[in-house]
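Close look at the chain arrangement
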Amino acid sequence: MAEKIQQLESVVIRSLRRFRERYFPEKVVKENLAPVATPAQEEAQSGFLDILPVDVQFLIMTFLSPADICRLGATSRYWRAMVRDPLLWRYFLLRDMPYWPSIDHVSMPNLELLDAPLISEDESLDDREEGEEKGMELKFDYMSEYLKGCPSCRKQWLPSRPAYEVVTSFLQSLVPSSEPRYAMFGPGMEQLDVSLVTRLMYAPDILPVSGTPHRQINGIGSGISYMFNNQHKFNILTLYSTNRAERERARVEQQSISNKLFTLEGTDESGDPLYSPAPQVQQVCQVVDGFIYVANAEPGRDGMSEVAQIRAVMNCAGGATSRPLLVLSCISREPSEAIPTAAQQNDTDRLGTRCRTPCVEMAKRLGLPQLSNRWMVQDTVAESLSGLLDGISWLLRCSGVKLYVS
């Protein structure tokens, strides 16, 4: 991946340089030939950034946020054309996607675009110029794919909290409301060194436990209720594949265990396994408002059986596509390395390897784009519970709970 990004970086610089030489030759400054301009001429000239070498312009853009790059494109016709280079945004996608902390059914980028062969630099320039003149869509609109999936851009879509909503929330708190229930299952609950469920039960500063409901499900129990934002109550039913002793022994010995939540029914035409949920799991699927799947995001995991088990649960929900699926892409603890500076992250860390499966790859591994239900993948750390509240916030919104960004 690092080598691929470095190769694309040189291609992007060549593409930008040829574009400027073809359509903006006045921006090209010849060494030792630039005349000395008077103050009046300097004021009439374009900005200093315009005449910088293209590789320096590219380097500057790599340090800008997506919103800043778009603002840069609004400053002049030259920068509008430069920041819309398809190869530039393909580079940003390959560089930044592994570091996105979440992705969902709306923002998931089209990964087939990244698998497509690189278009030639001349084709990139011709298509871009022709598309802008005729108002046509670009053949490979990597810019739209990036802005659609980038978390910092997605936050701008969330509704802000109106002033009157403070009074409304207080009045609504006086009226009893239904408590959403979610079924939690998945190998990340059992395979990690740090138990996500245990940490969740003893983290009152993050999600206070509000009680245990009286509603019982045979073989499952009533689950545990939590309080989100000190005003929204929800319930989680945990579904373990087997008993605690067997789970602990399998974790220590690094062995697989028989999953008692599902029964293997055979294989489909393509050879993939087919599962049916156990009777108690089927009962849970009928009464919950959504699902939380805890995936093991630590390297070296295969998701073939996971895909089949997720589909079995979603199909068992009676075809209710309104029931959302939150995937907590979980690792045990944060990496021990120090947090890099912005420059280090841009140069070295972004070209290195991560200690977790990126959320975009997790969505692909679990076959989530093929689901008709709403879904989201959220990077989570079991020890610190980082990322958990963002996922719960999305899940509650899908259940009709009104949440606003501050």
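Per an unreviewed UniProt entry, the protein chain carries the name F-box only protein 4 isoform X2 and comes from Stegastes partitus.

Before going further, it helps to examine the packing of helix H1 (residues 2–23) against helix H3 (residues 54–62). Interhelical geometry of H1 versus H3 gives an angle of 120° and a closest axis separation of 9 Å. In terms of orientation, H1 and H3 fall into the oblique class. Here H1 and H3 pass one another in a crossing that is right-handed. Contacts between H1 and H3 involve Glu9, Val12, Ile13, Leu16, Arg17 and Arg20 from the former and Val54, Asp55, Gln57, Phe58 and Met61 from the latter. Here the residues of the contact of H1 with H3 are counted per class, giving six nonpolar, one polar and four charged.

Each regular strand displays side chains that alternate between the two surfaces of the sheet. Within strand S8 (residues 290–296), seven of the seven residues are buried, leaving the element largely enclosed by the surrounding structure. Side-chain alternation along S8 places Gly290, Ile292, Val294 and Asn296 on one buried face and Phe291, Tyr293 and Ala295 on a second face that is also buried. Taken together, the six bridges between S8 and strand S9 (residues 325–331) define a ladder with parallel strand orientation. Bridged to Val294 within S9 is Leu328.

On to the nonpolar core. Note that soluble globular proteins tend to have their nonpolar side chains buried in a common cluster. Counting residues in each nonpolar core, the largest one holds 73 residues, and the members touching the most others are Trp100, Ile103, Phe291, Leu325, Val327, Leu368 and Val377. With near-sequence residues (within four places) excluded, Trp100 lies in contact with Leu93, Pro109, Tyr146, Gly149, Cys150, Pro151, Cys359, Val360 and Asp379. One finds Phe234, Leu388, Trp394 and Leu395 within the second-largest nonpolar core, a separate group that totals 30 residues.

With that settled, consider the packing of H3 against helix H6 (residues 86–96). Packing of H3 against H6 brings their axes to within 12 Å, and their N-to-C directions diverge by 40°. Taken together, the axes of H3 and H6 lie oblique to each other. Viewed along their axes, H3 and H6 form a crossing whose handedness is right-handed. Within the contact between the two elements, H3 uses Phe58, Met61 and Thr62 and H6 uses Leu88, Tyr91, Phe92 and Arg95. Split into classes, the residues belonging to the contact of H3 with H6 amount to five nonpolar, one polar and one charged.

Of the residues making up helix H9 (residues 142–149), those classed as buried are Tyr142, Met143, Glu145, Tyr146 and Gly149. In an axial view of H9, the angular spread of the buried residues amounts to 165°, which keeps them on one side of the axis. Those residues of H9 hidden inside the fold are in contact with helix H4 (66–73), H6, strand S1 (102–104), helix H7 (111–115) and helix H10 (151–154).

Linking two cysteines covalently via their sulfur atoms produces the bond known as a disulfide. Summed over all chains, the structure comprises zero disulfides. Note on Cys70: no disulfide assigned, nearest cysteine sulfur contributed by Cys153 at a separation of 6.8 Å.

Summarising the sheet, strand S6 (residues 262–267) and strand S7 (residues 273–277) pair through five bridges and their orientation is antiparallel. In the sheet register, Phe262 faces S7, and the bridge partner there is Pro277. Here S6 folds back onto S7, and the loop between the two strands holds five residues, one of which, Gly271, carries a positive phi near 90°.

With that settled, consider the sheet that holds S1. Sheet architecture is open: eight strands sit in the order S1-S10-S9-S8-S2-S5-S4-S3, paired in mixed fashion. Because the sheet does not close on itself, it has two edges, and the strands there are S1 and strand S3 (209–211). Pairwise comparison of adjacent strand axes, ignoring direction, gives a mean angle of 30° for this sheet. Strand direction decides the pairing type here: S1 and strand S10 (residues 375–381), joined by three bridges, are antiparallel. Each bridged residue has a counterpart across the sheet, and for Ile103 the counterpart in S10 is Val377.

For the rest of this paragraph, the subject is the side chain of Ser393. Residue position: Ser393 is located in helix H18 (residues 388–398). Excluding residues that lie within four positions of it along the chain, Ser393 makes contacts with Phe228 and Leu403.

A word on helix H15 (residues 304–316). The end-to-end C-alpha distance of H15, which contains 13 residues, comes to 19 Å, matching closely the 18 Å that a straight helix rising 1.5 Å per residue would cover. Among all positions in H15, only Glu306, Val307, Ala308, Gln309, Ile310, Ala312, Val313, Met314 and Cys316 are buried.

Glancing now at the confidence of the model for the protein chain. Per-residue confidence for the protein chain gives a mean pLDDT of 80, with 73% of residues at or over 70. Counting interchain partners and residues more than four positions distant, the pLDDT-below-50 stretch residues 40–44 has two contacts. Across residues 133–137 the pLDDT falls below 50, and counting only partners more than four positions away or on other chains, this stretch makes one contact in the model.

Let us look at a nonpolar patch on the surface. There is a patch of nonpolar side chains on the surface, built from Leu49, Val56 and Ile60 and spanning about 190 Å² of accessible area. Take Ile60: it is sitting in helix H3.

Thresholds applied
- Residue positions within a chain follow its written sequence, with the count starting from 1.
- Local features are withheld for residues below a pLDDT of 70 in this predicted model, meaning they are given only at 70 or higher, and side-chain atom pairs are given and counted only at 80 or more; totals for whole chains, interfaces and linings count all residues.
- Only hydrogens and water are set aside when side-chain values are computed; all heavy atoms of the structure are taken into account.
- In this analysis, axes come from line fits to C-alpha atoms, helices being fitted only over the stretch in contact, and the angle between any two N-to-C directions falls in the range 0 to 180 degrees.
- Secondary structure counts use DSSP, requiring at least four H or I residues in a row for a helix and at least two E residues in a row for a strand, with both numbered from the N terminus.
- The labels follow the angle: roughly parallel below 35 degrees, roughly antiparallel above 145, roughly perpendicular from 65 to 115, and oblique for the rest.
- By convention the crossing between two helices is left-handed if the near helix lies anticlockwise of the far one by an angle smaller than a right angle, and right-handed if it lies clockwise.
- When checking whether two residues touch, look at their non-hydrogen atoms; a contact exists if any pair is within 4.5 Å.
- Lys, Arg, Asp and Glu make up the charged group, whereas Ala, Val, Leu, Ile, Met, Phe, Trp, Tyr, Cys and Pro make up the nonpolar group; the residues left over, Gly among them, are polar.
- Only protein chains enter the accessibility calculation, which uses a 1.4 Å probe. A residue is then buried if its area is under 20% of the maximum for its type, exposed if over 50%, and partly exposed in between.
- Only when DSSP finds a minimum of two bridges between them are two strands counted as paired.
- Nine residue types can take part in a nonpolar core, namely buried Ala, Val, Leu, Ile, Met, Phe, Trp, Tyr and Cys, and a core is a set of them joined through side-chain atoms within 4.5 Å.
- Note: the arc covers the axis-to-C-beta directions of the helix.
- Throughout, a disulfide means two cysteine sulfur atoms within 2.5 Å of one another.
- In a helix, the anticipated span is given by 1.5 Å times the number of residues less one.
- Every residue carries a pLDDT, the predictor's confidence in it, which falls somewhere between 0 and 100.
- To count toward a patch, a residue needs a relative accessible area over 30% and no salt bridge; like charges are then connected within 9 Å, while nonpolar side chains (Val, Leu, Ile, Met, Phe, Trp, Tyr) are connected within 5 Å.
- Note on areas: Shrake-Rupley with a 1.4 Å probe; residue coverage comes only from the protein chains shown.
- The salt bridge definition used is simple: a Lys or Arg side-chain nitrogen within 4 Å of an Asp or Glu carboxyl oxygen.

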